[in-house]
Structures are given as structure tokens and as C-alpha cells.
Amino acid sequence: MAKLFKLDKAINSILYIIEKLGGKTDMHKLCKILYFADQNHLSLYGRSITGDVYIAMQYGPVPSSIDDILKALRGDSFFSKSPEIEPIREYIKFENKYILSSNLNPDLDELSGTDLKCLDFSINLCKDKTFDELTTLSHGLAWSNSQKGRTISVKDILREIGDEEEYVEYIADNLKIQSAFL
């Protein structure tokens, strides 16, 4: 799904989450909210919100492209000085190594009604959970079936939420076709 990554939706999803959480959040909570929002949207509507690929990391699924962007913004990446990162610095700031903030509102024209519905669902699911609770919650079937540091299967993401195997295959095939044309 890497070709399906949508930078504008990803940035505005991050801004939306930060806004809904009172102007700041930590990277761990942000990644879990994005994971559950993408999982829910994929299951209900046949596409993820961000189009990102999730990697199985020690503390749960991490959106690969978004993680790369955040590390670059934080200064922890070869790409930190990249001209592509500079405009994003206007939107998202790090207060310390793990806490992100923004004083900019999301552009809601970039997010569909269904995107917002799934983001709100995921924010409500995760907002009051501790680091450990979020880690446990995100260590489901998809994470467990993945080798650490490797891509989590879209099929397992859908299986984890309880989708029928026929639907799982249909969505996975559809995503392959979409990425072939990009």
C-alpha cells in the first residue's frame, strides 16, 4: 500500500487528532489512533484514510511513512534537512522527543465525512488510555502475526477487526490493483 500513501490526508489527520486531544499528543498515542482509524475505515469503506503501511514494532503498529515524516521533523533522520519536510514544520512541532503539538487547525476539506467518523471513533477509543493500555490494545492478531520490524498484512488488519475471509481477499486484491496504477 506504500504507493497509496496520501500525504495531505495524513498531515490533516495528524492535525485533527492533535486538535481533538487539546492541542498536543504523544507519538505513541498518535500512531495507535491512526492505526485503529485506518483499520476501521479499511473495514467499513474498503480504503484506509492515510494509505500508509503499518510496521510491527515493539509497542504496536506504527504507520511507516508518517513515522519517517515525524522522525525527520524531530531531527532524527537523514531527511531532517530535506526541502520536502520544511513546509510541514509550519504545521507540526515537537515540544520534546515524544510530544507533538500544533497551533494550526486541520483543513477539513482534505478529510471526508467517513475519514472524520473513523478518526473520531479511534480518538474516543484511545484518548483516555495509558501507554501500556494502548500497547496491549494494539497487540492484536495483525501485530502478533507479523515479524517485528516488518509490514503488517492488510489481510491480518482486516481479520483482526473480524471481517469475513471473502471480504478480506476482496479488499486486499482491490488495494493491489489500485497501487498497480499509481
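Residues numbered from 1 in each chain as written. Predicted model: local features only at pLDDT ≥ 70, side-chain atom pairs only at ≥ 80, totals over all residues. Heavy atoms only, no water.

Visitor: Whenever I open this one, the sheet that holds strand β5 (residues 99-101) confuses me. Can you help?
Guide: Strand-to-strand pairing in sheets goes through backbone hydrogen bonds, with the strands running parallel or antiparallel. Strand order in the open sheet made by the three strands is β1-β5-β4, with antiparallel pairing throughout. Strands with a single pairing partner mark the edges of an open sheet, and in this sheet they are β1 (24-26) and β4 (93-94). Of the pairings in the sheet, the one linking β1 to β5 comprises three bridges and is antiparallel in character. The residue bridging T25 from the neighbouring strand is L100, located in β5. Sheet contacts for helix α2 (residues 27-45): β1, β4 and β5; angle to β1, the most-contacted strand, approximately 90 degrees. (Pairing = 2+ DSSP bridges. Helix = DSSP H or I, 4+ residues; strand = E, 2+ residues; numbered from the N terminus. Contact = heavy atoms within 4.5 Å. Axes fitted to C-alpha atoms, helices over the stretch in contact; angles between N-to-C directions.)

Visitor: How do you make sense of the pairing of strand β3 (residues 60-63) when you look at a structure like this?
Guide: Looking along a regular strand, one sees the side chains alternate between the two faces of the sheet. Direction of pairing for strand β2 (residues 54-57) relative to β3: antiparallel, over a ladder of four bridges. The residue of β3 that forms the bridge with M57 is G60. In sequence, β2 turns back onto β3 through a hairpin of two residues.

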